[in-house]
Amino acid sequence: SDQEAFLDGTLSGIQTITNNEEFTATFTGLEENTIYNVFVRGYGANDVAGPLGTIKIKTRSPLPDAGAEIQFVAEKSAAFSITTQLTYYKYVFALGKPGDKKAFEDGILEGIEEQEEISRYTATYFDLEADTDYVFYLMAYDRQSNLPTETIEIPIHTAPPGTVPA
């Protein structure tokens, strides 16, 4: 059994932590809608084994796309329509420059907005620089797990001065 393989050290994917720090395990390649057992065992002084802990987890189906589409891009303005899904309850977004993804994900990018329980939303930005690259960043938060999607990035380039009618 998997439990026996864990106890004798032959189960594939065993991870050993040798300090008392908090640890987050990430498992990849799992099948969707499948129940897995995660085995945990702590060791005390003189390597005395504590009781075996088992945590049951169930994977789920892939989440639907949480996205946005460009409504318009002009010389000094742009708008994006956020595509909402019932799976998500919160949307976090911002317009930044290329390379701002980490600042967005860390929540420190200037101009981050948050909308909850929306059925439709258009984010409009004014006073942009003409002939400039921007990126619309978006994360949606799953209603069940409260975890965000991967960051969605939509690059745009504003029109050069005088090329778009006022």
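Presented here is a report on the structure given in the accompanying data block. (Residues numbered from 1 in each chain as written. Predicted model: local features only at pLDDT ≥ 70, side-chain atom pairs only at ≥ 80, totals over all residues. Heavy atoms only, no water.)

### Some thoughts on the pairing of strand β8 (residues 133-142)
In terms of burial, β8 is largely enclosed, as 9 of its 10 residues are buried. Strand direction decides the pairing type here: strand β5 (residues 88-96) and β8, joined by 8 bridges, are antiparallel. Bridge pairing in β8 places G96 opposite V135. As judged from the 6 bridges shared by β8 and strand β9 (residues 152-157), these two strands associate in the antiparallel manner. Residue D133 lies in a different strand from β9, and its bridge partner there is H157. (Buried < 20%, exposed > 50% of the residue type's maximum accessible area, 1.4 Å probe, protein only. Helix = DSSP H or I, 4+ residues; strand = E, 2+ residues; numbered from the N terminus. Pairing = 2+ DSSP bridges.)

### Quick look at the sheet that holds β9
Pairing in this open sheet of 4 strands is antiparallel, and the strands run β6-β5-β8-β9 from one edge to the other. Looking at which strands have only one partner, the edges of the open sheet turn out to be β6 (113-116) and β9. The average undirected angle you get between the axes of adjacent strands in this sheet is 20 degrees. (Axes fitted to C-alpha atoms, helices over the stretch in contact; angles between N-to-C directions.)

### A word on the pattern of salt bridges
Applying the stated rule across the entire model yields 4 salt bridges. Among the ionic pairs, E117 bridges to R143, the shortest N-O distance being 2.9 Å. One end of the pair, E117, is in the loop between β6 and β7 (121-125); the other, R143, is in the loop between β8 and β9, and 26 residues separate them in sequence. (Salt bridge = Lys/Arg side-chain N within 4 Å of Asp/Glu carboxyl O.)

### Topic: the environment of A103
Examined against the element boundaries, A103 turns out to sit in helix α2 (residues 101-105). Among the residues examined, A103 registers a relative accessible area of 22% and is labelled partly exposed. As for A103 and S1, which are separated by 102 residues in sequence, their C-alpha atoms are 45 Å apart. Those residues in contact with A103, other than ones at most four positions away along the chain, are I108 and L109. (Contact = heavy atoms within 4.5 Å.)

### Quick notes on the sheet that holds strand β3 (residues 67-73)
As summarised here, the arrangement of the 3 strands in space is β3-β4-β7, forming an open sheet in which the pairing is antiparallel. A single partner strand is all that each edge strand has here, and the edge strands are β3 and β7. Neighbour to neighbour, the strand axes of the sheet diverge by 20 degrees on average, direction disregarded. In this structure, β3 lies alongside strand β4 (residues 78-83), joined through 6 bridges in antiparallel fashion. Paired with G67 across the bridge in β4 is T83.

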